[in-house]
Amino acid sequence: MFLNKRKAIFLISISVLIFILIINEVKSQTIKIVDGDTIHLNGEKIRFTGIDTPELKQTCFKDSVKDPCGVTAKQILIDKIGKDNVECISEGKDQYKRTLAECFVNNESLSSYLVRSGYAFAYRRYSKKFIPDEDYARINKIGMWSMEFDYPWDYRKSKKN
């Protein structure tokens, strides 16, 4: 009888340990930052809705000095995400079959963060949600608002011609 009690306690202990491990399972993610407003999350290509960031090859000028503002926008996103998990709320697909979504790190909108940092713009053509963030960056001359720049949509249009 003593052995059966010991065996039962052992089995219960193992069961509790397995349960705790399952409950506290860390969800691992594979993430690739493509540019300031596009990521690959677990193999899914996601385009942030409601904002537009400068293209990677796009440059700005601050006091007549060239600034790689497209690369900077990407780096700001990389730094903000760090090793944290990204959670996205899908809003559908675009014409390129990318998932359109608003994504968050620690419950903070990455789109709002990028716009308030001055390295993304409210993409009014598709959403009015981030206009207050853009107003904040513009009024305080944060990021690109302290430079000479082309809006990303104008830059893309100029490169097509």
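Structure shown above.
Everything quoted here is computed from the prediction, not taken from an experiment.

Some words on the nonpolar core
Judged by nonpolar contacts, the single largest core of 29 residues is most densely connected at Ile39, Phe48, Leu77, Val86, Cys103 and Leu110. Among the secondary structure elements, those contributing two or more residues to this core are β2 (38-41), β3 (44-48), α2 (69-81), β8 (99-105), α3 (110-116), β10 (121-122) and α4 (131-139). Looking at this core element by element, the count peaks at 5 residues for α2. With near-sequence residues (within four places) excluded, Ile39 lies in contact with Ile31, Lys32, Ile33, Val34, Glu44, Lys45, Ile46, Phe48, Leu77, Val86, Cys88 and Cys103.

Remarks on α2
Taking 1.5 Å of rise per residue, 13 residues should cover 18 Å, and α2 covers 18 Å from first to last C-alpha, within 8% of that figure. Those residues of α2 not exposed but buried are Cys69, Gly70, Ala73, Ile76, Leu77 and Ile81. The buried residues of α2 all sit within an arc of 125° when viewed along its axis, so they share a single face. Looking one or two places after α2, you find Gly82, whose phi comes out positive at around 55°.

Quick word on α4
Residues Ile131, Asp133, Glu134 and Ala137 constitute the buried set of α4. Along the axis of α4, the buried positions cluster into a sector of 155°, meaning they face one direction only. Projecting away from the buried face of α4 at angles above 90 degrees are the exposed residues Pro132 and Ile139. The secondary structure elements touched by the buried residues of α4 are α3 and β10. Positive phi appears at Lys141, one or two residues downstream of α4, with a value of about 50°.

Notes on the environment of Arg138
The residue Arg138 is located in helix α4 in this model. Using a relative accessible area of 37% as the deciding quantity, one classes Arg138 as partly exposed. Measuring from C-alpha to C-alpha, the distance between Arg138 and Val115 comes to 9.6 Å, with 23 residues separating the pair along the chain.

Structural notes on the state of the cysteines
Applying the stated criterion across every chain, the model contains 2 disulfides. The disulfide partner of Cys60 is Cys69, and the S-S distance across this bridge is 2.1 Å. Judged by the torsion about the S-S bond (80°), the Cys60/Cys69 disulfide is right-handed. Residue class for Cys60 comes out buried when judged on its relative accessible area of 0%. Cys88 shares a disulfide with Cys103; S-S distance 2.1 Å. On the sign convention where negative is left-handed, the bridge of Cys88 and Cys103, at about 105° about the S-S bond, is right-handed. One end of the pair, Cys88, is in strand β7 (residues 86-93); the other, Cys103, is in strand β8, and 15 residues separate them in sequence. The exposure class of Cys88 is partly exposed, given its relative accessible area of 27%.

Definitions and limits used
- Residues numbered from 1 in each chain as written.
- Predicted model: local features only at pLDDT ≥ 70, side-chain atom pairs only at ≥ 80, totals over all residues.
- Heavy atoms only, no water.
- Core = buried A, V, L, I, M, F, W, Y, C linked by side-chain atoms within 4.5 Å.
- Buried < 20%, exposed > 50% of the residue type's maximum accessible area, 1.4 Å probe, protein only.
- Helix = DSSP H or I, 4+ residues; strand = E, 2+ residues; numbered from the N terminus.
- Contact = heavy atoms within 4.5 Å.
- Expected span 1.5 Å × (residues − 1).
- Arc of directions from axis to C-beta.
- Disulfide = S-S within 2.5 Å.

Bear in mind that shape data such as this cannot, by itself, settle questions of function.
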